[in-house]
Amino acid sequence: MLNEEPGGHGVLGPDDIRLIPGAGRAVRAAREAGYLAIIVTNRAQVAKGFVTLTGLETIFARLRELLAQDGGIVDAIYFCPHHPEQTPGGAPEFQIACECRKPGTLLLRRAIADFGIDLGRSPLIGDSLRDIGAGHAMGLTSYGVRTGYACRDVERYPDRAPPVPDRMFADVGEAVAFCVAHPAKHGQAGQPD
Ligand SMILES: [Zn+2]
């Protein structure tokens, strides 16, 4: 959502981070409007053995650095290192079914508790339907963006209706601009899917 989806196995190192144009300015604009900027991310590359926890720290450090170049300060990053499949070459301790991998809500619940987040005034912005589903499960108004997965991952929902973003935006910059301009919208549309 903040960075381009590199394809393949995803972001495996700091050099794989390419920001969506305007992402740093969007984070800055959100915080200047009084929002916290909290990242909640699935990092199954750890379970699959492509990235170590130490490597993940270097990736997050690079992401923070790039965003900060445009004034975007990230308040916190919550990540899920797990994946339920026992693939060869993976890290067995992380190859588990967990509650933190989105659309699981454990990371959102942690962030909400840690920061005392007001659900009725806090939007979620995501590029995958898993993000939207996790947000709606928490009652968060959840906006989709057309970068990355572009909320087109309907194949994850073969046997039920996929989550529907409350609104779609071109990118994070457009989504944040809407949030800043229409703060009263949040908390009215988020319904469990
Ligand atoms: Zn997890």
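The rules behind these values
- Residues numbered from 1 in each chain as written.
- Predicted model: local features only at pLDDT ≥ 70, side-chain atom pairs only at ≥ 80, totals over all residues.
- Heavy atoms only, no water.
- Core = buried A, V, L, I, M, F, W, Y, C linked by side-chain atoms within 4.5 Å.
- Buried < 20%, exposed > 50% of the residue type's maximum accessible area, 1.4 Å probe, protein only.
- Helix = DSSP H or I, 4+ residues; strand = E, 2+ residues; numbered from the N terminus.
- Contact = heavy atoms within 4.5 Å.
- Salt bridge = Lys/Arg side-chain N within 4 Å of Asp/Glu carboxyl O.
- Arc of directions from axis to C-beta.
- Polar contact = N/O pair within 3.5 Å; in protein donor to acceptor, adjacent residues only side chain to side chain.
- Pairing = 2+ DSSP bridges.
- Axes fitted to C-alpha atoms, helices over the stretch in contact; angles between N-to-C directions.
- Donors = N, O, S within 2.8 Å, 3.2 Å for Na, K, Ca; no water.
- Tetrahedral: all angles 85-135°; square planar, octahedral: opposite > 155°, others 65-115°.

What follows is about the nonpolar core. Counting 33 residues, the largest nonpolar core has Leu-2, Ile-59, Leu-67 and Ile-125 as its most contacted members. When contributions to this core are tallied by element, the ones reaching two or more residues are α1 (23–32), α2 (53–68), β4 (142–145) and α5 (172–181). In terms of residue count, α2 provides more of this core than any other element does, six residues in total. Leave out the neighbours within four places in its chain, and Leu-2 touches Leu-19, Ile-20, Ala-23, Val-27, Ile-39, Leu-67 and Val-172. Val-40, Ala-76, Cys-80 and Leu-107 belong to the second-largest nonpolar core, a separate cluster that totals 13 residues.

Inspection of the entire model under this criterion finds seven salt bridges. Between Lys-102 and Asp-131 there is a salt bridge, and its shortest N-O distance comes to 2.8 Å. One end of the pair, Lys-102, is in the loop between β2 (76–80) and α3 (106–115); the other, Asp-131, is in helix α4 (residues 129–137), and 29 residues separate them in sequence. Across this residue pair, the class does not change: Lys-102 and Asp-131 are buried.

In this section: α5. Owing to its 3.6 residues per turn, the α-helix brings residues three or four apart onto one side. If you check which residues of α5 are buried, you get Val-172, Ala-175, Val-176, Phe-178 and Cys-179. Within α5, the buried residues cover an arc of 155° as seen down the axis, which keeps them to one side. Those residues of α5 that are buried are in contact with α1, β3 (124–126), β4 and β5 (167–169). Looking at where α5 begins, the residue whose side-chain oxygen comes 3.1 Å from the main-chain nitrogen of Gly-173 is Asp-171.

Sheet architecture is open: three strands sit in the order β3-β4-β5, paired in parallel fashion. The outermost strands of the open sheet, each flanked by one partner alone, are β3 and β5. Going across the sheet, the axis of each strand differs from the next one's by a mean of 30°, ignoring polarity. With three bridges connecting them, β3 and β4 associate as parallel partners. Bridging from a neighbouring strand, Ile-125 pairs with Tyr-143 of β4.

Along α1, the residues classified as buried are Ala-23, Gly-24, Ala-26, Val-27 and Ala-30. Buried residues of α1, seen end-on, are gathered within an arc of 160° and therefore sit on one face of the element. Turned more than 90 degrees off the buried face of α1, the exposed positions are Arg-25 and Glu-32. Buried residues belonging to α1 abut α2 and α5. Where α1 ends, the next residue or the one after it, Gly-34, has phi of about 100°, a positive value.

This part covers the coordination of the zinc ion. On the protein side, the zinc ion has Cys-80 (SG), His-82 (ND1), Cys-98 (SG) and Cys-100 (SG) as donor atoms, found 2.1 to 2.2 Å from it. Taken together, the four donor atoms coordinating the zinc ion and their angles of 103 to 117° define a geometry best described as tetrahedral. Note on Cys-80: relative accessible area 0%, which makes it buried. The class for Cys-100 is buried, based on a relative accessible area of 5%.

That is the geometry; function is a separate question.
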